[in-house]
Amino acid sequence: MSASGTAVPATGGPTARCGVAATARGGWWGFLGSTVNAVFGYVLVALVTRALGAYGAGAVFTGVAAFTILCNACKLGADTGLVRFVSGDLATTGGHKVGALLRSAVLPGAAASTAAATLLFLSPWAATSLLPNLAADDAVTLVRLFAVFLPLATVTLIMLGATQGYGTVIPFVGVEQIGKPVLRVLIAVPVVLLAPGVLNLAAAWLVPSLAGFLIAFLALRRCRRTSPAHTSARDMAGTRRGFWAFAAPRAVSSVFDISAVWVGVVLLSCLATSEEAGIYTAVGRVVIAATLLQLAIRLAVAPEISRLLAVGDIAQGRHLYRISTRWIVLFSWPLLVLLTSFPGTVLSLFGPEFEQGAYALVVLCVASAVNVGVGNAQTVLLMAGKSSWHLAVTGVAFTVQLTVGLLAVPRLGVLGAALSWGAATIVENLLAAALVRRHPGFTIVDGGYLMATVTGLCLTVPSVLPVRLLAGDTAVGLAAAITVGLFTFGIGLWRFRKALGVHELVGVLRERAT
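## With respect to the overall build of the protein chain
Logical step 1: From N to C terminus, the protein chain includes 22 helices and zero strands.
Logical step 2: Here the protein chain holds 514 residues, and 54% of them are scored as buried.

## Description of the packing of helix H2 (residues 78-92) against helix H3 (residues 98-121)
Logical step 1: Contact geometry for H2 and H3: axes closest at 10 Å, N-to-C directions at 175 degrees. For the element pair H2 / H3, the angle class is roughly antiparallel. Together, Ala 78, Leu 82, Phe 85, Val 86, Asp 89 and Leu 90 of H2 and Val 98, Leu 101, Leu 102 and Ala 105 of H3 make up the contact between the two elements.
Logical step 2: Residue composition of the contact of H2 with H3, by class: nine nonpolar, no polar and one charged.

## Overview of unusual backbone geometry
Logical step 1: The phi dihedral of Leu 76 falls on the positive side, at around 60 degrees, and the residue is not glycine.
Logical step 2: Counting through the fold element by element, Leu 76 comes out in the loop between helix H1 (13-74) and H2.
Logical step 3: Judged by its relative accessible area of 23%, Leu 76 falls in the partly exposed class.

## Looking at the side chain of Gln 401
Logical step 1: Take Gln 401: it is sitting in helix H16 (residues 387-412).
Logical step 2: Not counting residues within four places of it along the chain, the set of residues in contact with Gln 401 comprises Ser 259, Ala 260, Val 263, Ser 420, Trp 421 and Ala 424.

## Here's the deal with the packing of aromatic side chains
Logical step 1: The tally for this structure, following the rule as stated, stands at 10 aromatic pairs.
Logical step 2: Centre to centre, the rings of Phe 85 and Phe 246 are 5.8 Å apart; their planes meet at 65 degrees, and the pair counts as edge-to-face. Taken together, the positions of Phe 85 in helix H2 and Phe 246 in helix H9 (residues 233-271) put the pair 161 residues apart, joining distant regions of the chain.
Logical step 3: Summarising the aromatic geometry, the rings of Phe 256 and Phe 398 are spaced 5.0 Å apart at their centres and angled 25 degrees between planes, so their arrangement reads as stacked. Remark: Phe 398 occurs in helix H16 and Phe 256 occurs in helix H9; sequence separation between them is 142 residues.
Logical step 4: By relative accessible area, which is 18% here, Phe 398 ends up buried.
Logical step 5: The lysine or arginine in question, Arg 84, covers the ring of Phe 85, its NZ or CZ lying 5.1 Å from the ring centre.
Logical step 6: Above the plane of the ring of Trp 205 lies Arg 184, whose end atom (NZ or CZ) is 3.9 Å from the centre.

## Overview of the confidence of the model for the protein chain
Logical step 1: Here the protein chain shows a mean pLDDT of 84. Residues at 70 or above account for 89%.
Logical step 2: Within the protein chain, no element has a lower average pLDDT than helix H22 (residues 502-513), which sits at 52, and none a higher one than helix H14 (residues 358-373), at 94.
Logical step 3: In this model, residues 1-16 is a region of pLDDT below 50 whose contacts with residues beyond four sequence positions or in other chains number 23 contacts.

## Quick look at the packing of helix H12 (residues 314-341) against helix H19 (residues 460-471)
Logical step 1: Between H12 and H19, the least distance of the axes is 10 Å, while the angle of their chain directions is 20 degrees. The orientation of H12 with respect to H19, classified from their angle, is roughly parallel. In terms of crossing hand, the pair formed by H12 and H19 is right-handed. Here Pro 334, Val 337, Leu 338 and Ser 341 of H12 lie close against H19, whose contacting residues are Thr 460, Val 461, Val 464 and Arg 468.
Logical step 2: Residues of the contact of H12 with H19, tallied by class, amount to five nonpolar, two polar and one charged.

## Digging into helix H5 (residues 136-165)
Logical step 1: Compared with an ideal rise of 1.5 Å per residue, which puts 30 residues at 44 Å, H5 spans 44 Å between its outermost C-alpha atoms and is within 8% of the ideal.
Logical step 2: Roughly 40 degrees is the biggest bend found in H5, and it falls at Leu 150, with proline Pro 151 one to four residues downstream.

## Some remarks on a nonpolar patch on the surface
Logical step 1: Among the surface-exposed residues, Trp 29, Leu 32 and Ile 170 lie close enough to one another that they form a single nonpolar patch of about 260 Å² accessible area.
Logical step 2: Looking at where Leu 32 falls in the secondary structure, it is placed in helix H1.
Logical step 3: Residue class for Leu 32 comes out partly exposed when judged on its relative accessible area of 41%.

## Quick look at the pattern of salt bridges
Logical step 1: According to the stated counting rule, one finds five salt bridges in the structure shown.
Logical step 2: Note that Asp 257 and Arg 250 form a salt bridge whose closest N and O atoms lie 2.7 Å from each other.
Logical step 3: Taking the relative accessible area as the measure of exposure, Asp 257 reaches 22% and is therefore partly exposed.
Logical step 4: A salt bridge links Glu 304 to Arg 307; the nearest nitrogen and oxygen atoms lie 2.7 Å apart. Separated by three residues within a single helix, Glu 304 and Arg 307 lie in helix H11 (residues 292-310), roughly one turn from each other.
Logical step 5: Residue Glu 304 is classed as buried on the basis of its relative accessible area, which comes to 9%.
Logical step 6: Given a relative accessible area of 22%, Arg 307 falls into the partly exposed group.

## Some thoughts on the environment of Asn 429
Logical step 1: Looking at the element boundaries, Asn 429 is found in helix H17 (residues 414-438).
Logical step 2: With 52 residues separating them in the primary sequence, Asn 429 and Ala 377 have C-alpha atoms 7.4 Å apart.

## Let's talk about the side chain of Thr 62
Logical step 1: Tracing the sequence through the fold places Thr 62 in helix H1.
Logical step 2: Judged by relative accessible area, Thr 62 falls into the buried class, the value being 0%.
Logical step 3: When near neighbours in sequence (up to four residues on either side) are disregarded, Thr 62 contacts Leu 130, Leu 131, Val 265, Ser 269 and Ala 277.

## With respect to the state of the cysteines
By definition, a disulfide links the sulfur atoms of two cysteine residues through a covalent bond.
Logical step 1: Under the counting rule described, the total for this entry stands at zero disulfides.
Logical step 2: No disulfide involves Cys 71; its sulfur sits 7.3 Å from that of Cys 74, the nearest cysteine.

## Considering the environment of Thr 168
Logical step 1: Considering the arrangement of structural elements, one finds Thr 168 in the loop between H5 and helix H6 (170-194).
Logical step 2: Judged by its relative accessible area of 22%, Thr 168 falls in the partly exposed class.
Logical step 3: Each C-alpha atom, one on Thr 168 and one on Leu 299, is 8.9 Å from the other, the two residues being 131 residues apart in sequence.
Logical step 4: Not counting chain neighbours up to four residues away, the residues in contact with Thr 168 comprise Thr 163 and Cys 223.
Logical step 5: In terms of polar contacts, Thr 168 uses its side chain to reach the backbone amide nitrogen of Ile 170, at 3.2 Å.

Each value, and the rule that gives it
Residues numbered from 1 in each chain as written. Predicted model: local features only at pLDDT ≥ 70, side-chain atom pairs only at ≥ 80, totals over all residues. Heavy atoms only, no water. Helix = DSSP H or I, 4+ residues; strand = E, 2+ residues; numbered from the N terminus. Buried < 20%, exposed > 50% of the residue type's maximum accessible area, 1.4 Å probe, protein only. Axes fitted to C-alpha atoms, helices over the stretch in contact; angles between N-to-C directions. Parallel < 35°, antiparallel > 145°, perpendicular 65-115°, else oblique. Contact = heavy atoms within 4.5 Å. Nonpolar A, V, L, I, M, F, W, Y, C, P; charged D, E, K, R; others polar. Phe/Tyr/Trp six-rings, centres within 6.5 Å; stacked < 30°, edge-to-face > 60°. Lys NZ or Arg CZ within 6 Å of the ring centre and 35° of its normal. pLDDT = per-residue confidence, 0-100. Left-handed = near helix turned anticlockwise from the far one by under 90°. Expected span 1.5 Å × (residues − 1). Bend = angle between axes of the 7 residues up to and from the residue. Patch = residues over 30% accessible without salt bridge, like charges linked within 9 Å, V, L, I, M, F, W, Y side chains within 5 Å. Areas by Shrake-Rupley, 256 points an atom, 1.4 Å probe, with all protein chains shown as cover. Salt bridge = Lys/Arg side-chain N within 4 Å of Asp/Glu carboxyl O. Disulfide = S-S within 2.5 Å. Polar contact = N/O pair within 3.5 Å; in protein donor to acceptor, adjacent residues only side chain to side chain.

Following this line, the structure appears as structure tokens:
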């Protein structure tokens, strides 16, 4: 990109190398964080379920579900707004409006979360309705405990969104994906050994929010040293209007996004049993772990896409979207094939009763294959400023999920909840991909994408399927399938490394090592 904003070729020039390199570096950090998050999240779920059983674990994770949904609602879309507007402002003005953006984002989020926490604290009927199978006093205490930490967690997410706008994923990874998950396990272990209980383990999940808030504040203050300290009143008023014109639709769509993950837990708790809610939580944890690379790339690609669109470099933005999607498909689809082939064995690690969720895991893996197949289409839609379009997409998907869930959960339990989430996932991602193709004109299918499909899917399925048929859904079969799959995948990865864009990932690592 020249100073005048003329686009360079999509696959060459300093801007191209910078955008891909920044995404690759951020993706590696995000992958590390997502891996740690998945491992320690898995350990925490295993600790809670083994200490309390599916029934008690269902109560804890129903509280976690309600807390997470409220937290994402109360941030009012401000975290995503800061990712987009801070990165764009840094690219165009050097950061003159960052101060105004922060004030516009943090204060409303703090006020909304405090009001929600107060209302929740003073409404015992909400607790007994959410947790009808728990003793009334315990339900009220549990919900009030979550309410106390709600403002802190909400403001933390908003501040971390601002640090992402500065082009670094390290604070978010350090707080949300490494710090909190690790601390939760470290606190939960002695609690399980000395005083296991629903309230104590809920507190173990919440307490790390204090450290997270402090680290996010210090990280943002460090980032702020690089941008101007003052903004004029006129700039502040205009910035506030533009920011909330984008963030308001995102505030609603973010609720739909997070509800997609947790609404199944709430429906099962209210319409089925806490035991099934606990099983479904374990299934959801596995599915999220399977898509961790997509989540990692999303953290890194969002500010880069926003920066490129802000300066008018559509060609490089298109290239970045395509190559990042290629990486996601390449490494995610083989893992989903393994999980679909051996669902009972994977879930048995939580305990024998969790094998009931095997069919649910298969359903969600199929839906996740569609999800990773379109890459981070929804992120591109948001970074292009189309938050109202994104709201429409997530609104349709949430309607599908709620409708299917209300019909299927009472009859099918965990499988019904999975069917509702899977249907919503497919609808949401296909709609987002269609809209991204329309504006800003981003597509994913090219020679590299087709090669990633061949390597990640067409080579993996024929190598894993015979093992599954011969050994069955067993630990031995899973181990053999991983061995054979890795061998086949490794050959394909090496053979087509240039077309797949793997050489660019390796190049980034070599640059950092020298």
